[in-house]
Amino acid sequence: MRTYVNESAENYLETILLLSKKLPVVRSVDIANELNFKKSSVSIAMKNLREKNHITVTDAGYIYLTDEGKEIAEMIYERHELITEILVKLGVDEEIAAEDACRIEHVISKESFKAVRDYAKDKILK
């Protein structure tokens, strides 16, 4: 079982992952702009993520996910994408589906997500 990470930390890790796919480097200001948060809030969160060994920050302020941080971010992102896709296939508006998926992705257990994923791939997402 993985170490418990709170929803806020998971959102930050997921955001860092997504930004790293579209930017050459990720900085606190990029995260603040993406999430529409104050830079001071992001700085506190980055300190906490660094202390938990989920990210590293270079002297130049570039933020990188550690292996553990990347694993958590990818798990959350996979949940978000799949749950959104399932809800849209079931007729939920795409924006509402994405918002709901953003909440569900943090509370669903590994076991339940695997069952939903397996069922959806077999019955819903053909």
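Just so you know, the residues in each chain are numbered from 1, in the order the chain's sequence is written. Per-residue local features of the predicted model are confined to residues with pLDDT of at least 70, and side-chain atom pairs are confined, for both listing and counting, to 80 or more; whole-chain, interface and lining totals are unaffected and use all residues. Note that the side-chain values use all heavy atoms of the structure and ignore hydrogens as well as water.

## Considerations on the pattern of salt bridges
Part 1: Salt bridges are identified by distance alone: a Lys or Arg side-chain nitrogen within 4 Å of an Asp or Glu carboxyl oxygen. As enumerated under the stated definition, the model contains 9 salt bridges in all.
Part 2: The shortest N-O distance in the salt bridge between Glu-78 and Arg-117 comes to 3.2 Å. Residue Glu-78 is found in helix H4 (residues 67-89), and its partner Arg-117 is found in helix H6 (residues 110-124); the two are separated by 39 residues along the sequence.
Part 3: Only protein chains enter the accessibility calculation, which uses a 1.4 Å probe; a residue is then buried when its area is under 20% of its type maximum, exposed when over 50%, and partly exposed in between. By relative accessible area, Glu-78 is classed as partly exposed at 34%.
Part 4: In this structure, a network of salt bridges that share partners links the residues Glu-78, Lys-114, Arg-117 and Asp-118. Secondary structure elements are defined from DSSP: runs of H or I of at least 4 residues count as helices, runs of E of at least 2 residues count as strands, and each element is numbered from the N terminus.

## Quick word on helix H3 (residues 39-51)
Part 1: Given the number of residues in a helix, its expected span is that number minus one, multiplied by 1.5 Å. With 13 residues, H3 should reach 18 Å at 1.5 Å per residue; the first-to-last C-alpha distance of 18 Å fits that figure.
Part 2: Regarding H3, the residues found buried are Val-42, Ala-45, Met-46 and Leu-49. The buried side chains of H3 occupy one side of the element, clustering within an arc of 105° when seen end-on. Opposite the packed face of H3, turned more than 90 degrees from it, sit the exposed residues Ile-44 and Glu-51.
Part 3: Turning to H3, the residues buried within the fold contact helix H1 (7-22), helix H2 (28-35), strand E1 (55-57) and strand E2 (63-65).
Part 4: Of the residues one or two after H3, Asn-53 is the one with positive phi, at around 65°. The directions from the helix axis to the C-beta atoms form the arc being described. For this analysis, residues touch if any pair of their heavy atoms sits within 4.5 Å.

## Some remarks on the packing of H1 against H4
Part 1: With their axes 8 Å apart at the nearest point, H1 and H4 run at an angle of 90° to one another. Judged by the angle between their axes, H1 and H4 are roughly perpendicular. Here H1 contributes Glu-10, Leu-13, Glu-14, Leu-17 and Leu-18 to the contact with H4, which in turn contributes Gly-69, Ile-72, Ala-73, Glu-74, Ile-76, Tyr-77 and His-80. In this analysis an axis means a line fitted to C-alpha atoms, helices contributing only their contacting stretch, and an angle means the value between N-to-C directions, from 0 to 180 degrees. Here the word oblique covers every angle except those under 35 degrees (roughly parallel), over 145 (roughly antiparallel) and from 65 to 115 (roughly perpendicular).

## Quick word on a negative patch on the surface
Part 1: Nonpolar side chains (Val, Leu, Ile, Met, Phe, Trp, Tyr) within 5 Å and like charges within 9 Å form the patches, drawn only from residues with over 30% relative accessible area and no salt bridge. Reported accessibility uses the Shrake-Rupley method at a 1.4 Å probe radius. Residues are deemed covered only where the shown protein chains occlude them. Counting rule applied: Lys, Arg positive; Asp, Glu negative; His and chain ends not counted. Each charge is placed at NZ for Lys, CZ for Arg, CG for Asp and CD for Glu. A contiguous patch of negative charge on the surface is contributed by Asp-93, Glu-94, Glu-95 and Glu-99.
Part 2: In this structure, Glu-95 sits in helix H5 (residues 94-107).
Part 3: Given the relative accessible area of 56%, Glu-95 is considered exposed.

The analysis is restricted to geometry; functional conclusions fall outside its scope.
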